[in-house]
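# Residue-level structure breakdown
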Amino acid sequence: MKNMKKLSICLFLVLFGFSAPSFADHLLKKSKEESLIFHKQRMNELPNNAHAIWKNYKNEIIKKANSPKVLKDNSKPNKKLKKIIKKSDLLSVLYFNGNEIEVNEISSKKMKDTDLIYSMSMAKSYVGYLLGHAVCDGYIKSLDDPIDKYLSETKGTLYEGVSLRNLSNMSAGDAFYFQEKGYKAESPKSYAIPLLVRGIPIVEFIKKTEKKYQKKQTFDYSNIQTDIVANALDKNIPGGIGKYMQIKVSERAGNTEDMLFFRDNNNWAILFAFLYSSRMDYLKFGKLIYDDWKSDSCISNYLKEVLNKSVVVPPGASADDYTRYSAFFWTGNKSLKFKHLRLQGHGGQTMIINFDTGAVLSIHSIREDYNFSKVKKIVLKKLIK
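Residues numbered from 1 in each chain as written. Predicted model: local features only at pLDDT ≥ 70, side-chain atom pairs only at ≥ 80, totals over all residues. Heavy atoms only, no water.

### A short note on empty space enclosed by the protein
If you walk through the whole model with that rule in mind, you get one cavity of 30 Å³ or more. Lining the largest cavity, in full, are Leu131, Leu143, Arg165, Ser168, Asn169, Tyr302, Glu305, Val306, Lys309, Ser326 and Ala327. Of all the secondary-structure elements, those providing two or more residues to the lining of the largest cavity are helix 5 (164-168) and helix 11 (298-308). Sorting elements by how many residues they give to the lining of the largest cavity places helix 11 first, with three residues. For the lining of the largest cavity, the per-class residue count stands at five nonpolar, three polar and three charged. (1 Å grid on protein atoms, 1.4 Å probe; cavity = no way out; pocket = protein on both sides within 12 Å on 5 of 7 lines; lining within 4 Å. Points joined across faces, edges and corners; volume = space filled by probe spheres on them. Helix = DSSP H or I, 4+ residues; strand = E, 2+ residues; numbered from the N terminus. Nonpolar A, V, L, I, M, F, W, Y, C, P; charged D, E, K, R; others polar.)

Rendered as structure tokens:
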């Protein structure tokens, strides 16, 4: 039994290594054939198929929009991107120039246009976005309210008194208990492995913490902070966070496919990673954020506050020179000469939103084994216009 347990954890590590951008991509040492197998398992072996990895999950479906939208597509075949996709595990590149899709390349042998692709840590930004709507709708009175006002399970723990703002800025001061330094082995500071493999409920991780071990509330990336905020929303919004996501994201963006996320055996939402959505619907989410940004509305003010009140990311804690973080979004890349937010996930899942033009770049891959600078030369120079 002990060997089987170790085998299960090892399988999880190679299939589901993910999290902060500073982590190594655990699939890089695998062959292309092996990486494709892992990709197909991530894509297809969801809870309904009773795969052992998912046995501790419940899944929640977020229905597609009643009136799906189709973005105008004026793209032409891009030979340079096709070559990169053919030689690597890059799956999809979409570039929306603010008016229409200008680049649309997909690895048709590895995924279909309607497949639900795993978000990895891009899911965190969905939580940050919904947090803004919850403030605008009055379910959350203020970002500066303490989390225990909305999630009673945090009372008497390290998180008691920590503001929703600091939690969504990855600044809860919980590094004594949770440090995201990789998943080569389970340690007393692990979150993802015991949660996902052994089915330990989220609330048990919260309850083990003690206030006296809280560190300074500055940026320190840990997955549990997203799930704490997500469940504060889930318990204070009528119908829960899934229904809210359908109203605020799926319906408004005009999603053409369903979305999916998981819940633990206490019915707590797991949203630090593994939200599933189609490539086009991810792109629509980026466009929705821009549309909200330029609107004269409460959510526009929230998104602007996200940029204005971002926190400093220590050197080495981010890939690609994103130097600031706010509401589960990355920002502060000085090479991008425009206001921007980035959604970022393990293995090359990324989305960059240009608030000056409405341009959105959305990329998905099995692992980041391609030269991203080449993709920049082909696509990002258009984003920078």
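### What about the state of the cysteines?
Applying the stated criterion across every chain yields a total of one disulfide. Between the sulfur of Cys136 and that of Cys298 lies a disulfide, 2.1 Å long from S to S. Its S-S torsion of approximately -90° makes the covalent link between Cys136 and Cys298 left-handed. Highlighted residues: Cys136 in helix 4 (residues 123-136) and Cys298 in helix 11, separated in sequence by 162 residues. Looking at Cys136, the relative accessible area reads 25%, which means it is partly exposed. (Disulfide = S-S within 2.5 Å. Buried < 20%, exposed > 50% of the residue type's maximum accessible area, 1.4 Å probe, protein only.)

### A closer look at a positive patch on the surface
Taken together, the side chains of Lys83, Lys86, Lys87, Lys109, Lys374 and Lys377 make up a positively charged region of the molecular surface. Of all the elements in the fold, those that place two or more residues in the positive patch are helix 3 (79-87) and helix 12 (372-383). The element best represented in the positive patch is helix 3, accounting for three residues. (Patch = residues over 30% accessible without salt bridge, like charges linked within 9 Å, V, L, I, M, F, W, Y side chains within 5 Å. Areas by Shrake-Rupley, 256 points an atom, 1.4 Å probe, with all protein chains shown as cover. Salt bridge = Lys/Arg side-chain N within 4 Å of Asp/Glu carboxyl O. Lys, Arg positive; Asp, Glu negative; His and termini not counted. Charge placed at Lys NZ, Arg CZ, Asp CG, Glu CD.)

### What about helix 9 (residues 240-253)?
The terminal C-alpha atoms of helix 9, which comprises 14 residues, lie 19 Å apart, in line with the 20 Å expected from a rise of 1.5 Å per residue. Residue Gln246 marks the point of greatest curvature in helix 9, where the axis turns by about 35°. Looking only at helix 9, the buried set comprises Gly240, Ile241, Gly242, Tyr244, Met245, Lys248, Val249, Ser250 and Ala253. If you follow the buried residues of helix 9, they end up packed against strand 1 (58-62), helix 4, helix 8 (223-236), strand 5 (259-263), strand 6 (269-270) and helix 10 (279-294). Looking one or two residues past helix 9, Gly254 carries a phi angle of roughly 80°, positive in sign. (Expected span 1.5 Å × (residues − 1). Bend = angle between axes of the 7 residues up to and from the residue. Contact = heavy atoms within 4.5 Å.)

### Regarding the nonpolar core
The tendency in soluble globular proteins is for nonpolar side chains to be buried as a group. Core analysis: the largest hydrophobic core is formed by 99 residues, its most contacted members being Tyr126, Tyr129, Tyr159, Leu233, Met245 and Leu271. At eight residues, helix 10 tops the list of elements feeding residues into this core. Other than its neighbours up to four places away in sequence, Leu271 contacts Ala123, Lys124, Val127, Thr226, Asp227, Ala230, Ile241, Met245 and Phe261. Counting 15 residues, the second-largest nonpolar core is a separate cluster that includes Leu90, Ala359, Ile363 and Ile378. (Core = buried A, V, L, I, M, F, W, Y, C linked by side-chain atoms within 4.5 Å.)

### A word on the pattern of salt bridges
This structure, assessed with the given rule, holds 15 salt bridges. We note a salt bridge from Glu210 to Lys212, for which the minimum N-O separation is 3.9 Å. On the accessibility criterion, Glu210 (37% relative accessible area) is partly exposed. In this structure, Asp234 and Arg263 form a salt bridge, with 2.9 Å as the shortest nitrogen-oxygen distance.

### Thoughts on the packing of aromatic side chains
One pass over the structure, following the stated rule, counts 21 aromatic pairs. With 4.9 Å between their ring centres and 70° between their planes, Tyr191 and Phe205 make a pair best called edge-to-face. Taken as a pair, Tyr191 in the loop between helix 5 and helix 6 (192-196) and Phe205 in helix 7 (residues 202-207) lie far apart in primary sequence, 14 residues in all. For the pair Tyr191 and Phe205, one class covers both residues: buried. Among the aromatic residues, ring-to-ring pairing joins Phe176, Tyr177, Phe178, Tyr191, Phe205, Tyr213 and Phe272 into one connected group. (Phe/Tyr/Trp six-rings, centres within 6.5 Å; stacked < 30°, edge-to-face > 60°.)

### Quick look at the packing of helix 10 against helix 11
With their axes 7 Å apart at the nearest point, helix 10 and helix 11 run at an angle of 100° to one another. Considering the angle they form, helix 10 stands roughly perpendicular to helix 11. Facing helix 10, whose interface residues are Ile289, Asp292 and Trp293, helix 11 presents Ile299, Ser300, Leu303, Lys304 and Leu307. Residue composition of the contact of helix 10 with helix 11, grouped by class: five nonpolar, one polar and two charged. (Axes fitted to C-alpha atoms, helices over the stretch in contact; angles between N-to-C directions. Parallel < 35°, antiparallel > 145°, perpendicular 65-115°, else oblique.)

### Examining the pairing of strand 2 (residues 90-96)
Of all the seven residues making up strand 2, seven are buried; the element is thus mostly covered by neighbouring parts of the structure. Of the strand pairs in this sheet, strand 2 and strand 13 (residues 360-365) are connected by six bridges, and their pairing is antiparallel. The partner of Leu90 across the bridge, within strand 13, is Ser365. Summarising the sheet, strand 2 and strand 3 (residues 101-106) pair through five bridges and their orientation is antiparallel. Each bridged residue has a counterpart across the sheet, and for Tyr95 the counterpart in strand 3 is Val103. Joining the antiparallel neighbours strand 2 and strand 3 is a turn of four residues, in which Gly98 adopts a positive phi near 110°. (Pairing = 2+ DSSP bridges.)

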